[in-house]
Amino acid sequence: MLGSSDKRPHPVEERNRAVVRRSLVAVRDIAQGSVIGEKDLGCFRPESGRTSFDFWDVVGSVASRSYSRGELIDG
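Counting restarts for each chain, with residues numbered from 1 along the sequence as it is written. Only residues with pLDDT of at least 70 get local features here, since the model is predicted, and only at 80 or more are side-chain atom pairs given and counted; chain-wide, interface and lining totals rely on the full set of residues. Hydrogen atoms and water are omitted, and side-chain values are computed over all heavy atoms in the structure.

(A) Molecular detail of the environment of Ser-68. Secondary-structure assignment places Ser-68 in the segment after α2 (55–58). Partly exposed residues are those whose accessible area sits between 20% and 50% of the maximum for their type, while under 20% is buried and over 50% is exposed, using a 1.4 Å probe and protein chains only. Judged by relative accessible area, Ser-68 falls into the partly exposed class, the value being 42%. Along the primary structure Ser-68 and Ala-26 are separated by 42 residues, whereas in three dimensions their C-alpha atoms are 6.7 Å apart. Setting aside residues no more than four positions away along its own chain, Ser-68 makes contact with Ala-26 and Asp-29. Segments assigned H or I by DSSP are reported as helices when at least four residues long, segments assigned E as strands when at least two residues long, and all are numbered from the N terminus. Residue contacts are counted whenever heavy atoms from the two residues lie within 4.5 Å of one another.

(B) Spotlight on the pattern of salt bridges. One speaks of a salt bridge when a side-chain nitrogen belonging to Lys or Arg is within 4 Å of a carboxyl oxygen belonging to Asp or Glu. Per the counting criterion, the structure on display carries five salt bridges. Among the ionic pairs, Arg-28 bridges to Asp-40, the shortest N-O distance being 2.9 Å. Taken as a pair, Arg-28 in the loop between β1 (23–26) and β2 (41–44) and Asp-40 in the loop between β1 and β2 lie far apart in primary sequence, 12 residues in all. Overall, Arg-28 belongs to the partly exposed group, its relative accessible area being 38%. Accessibility expressed as a relative area gives 13% for Asp-40, which makes it buried. Of the charged contacts, one joins Asp-54 and Arg-50 as a salt bridge, the two residues approaching to 3.0 Å between their closest N and O atoms. Connected through shared salt-bridge partners, Arg-65, Glu-71 and Asp-74 make up one network.

Keep in mind that these numbers describe shape and distance, not what the molecule does.
As C-alpha cells, this is what we get:
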C-alpha cells in the first residue's frame, strides 16, 4: 500500500487553514441572556473566532454577553 493511513494536513495546507476555515458571526444583534437561534448566526471567513464546526453547540445556548451584528462569537 502506498502512503500512510494517518490523515494530517501537509505544511502547505496548514498555512491556508485560517483563510479557508470559517468563524461564527452574529448576523443580527444578540442580547445578553437571550437564547441563540439558527437565524442569529452566520459562518464567514476567515476563521479567527469560534469555528463554524461549533454551530450546533452554540444554537440553543444562552448568550453570556451581548453581540453586535457582524461580531465574532467567542463563547
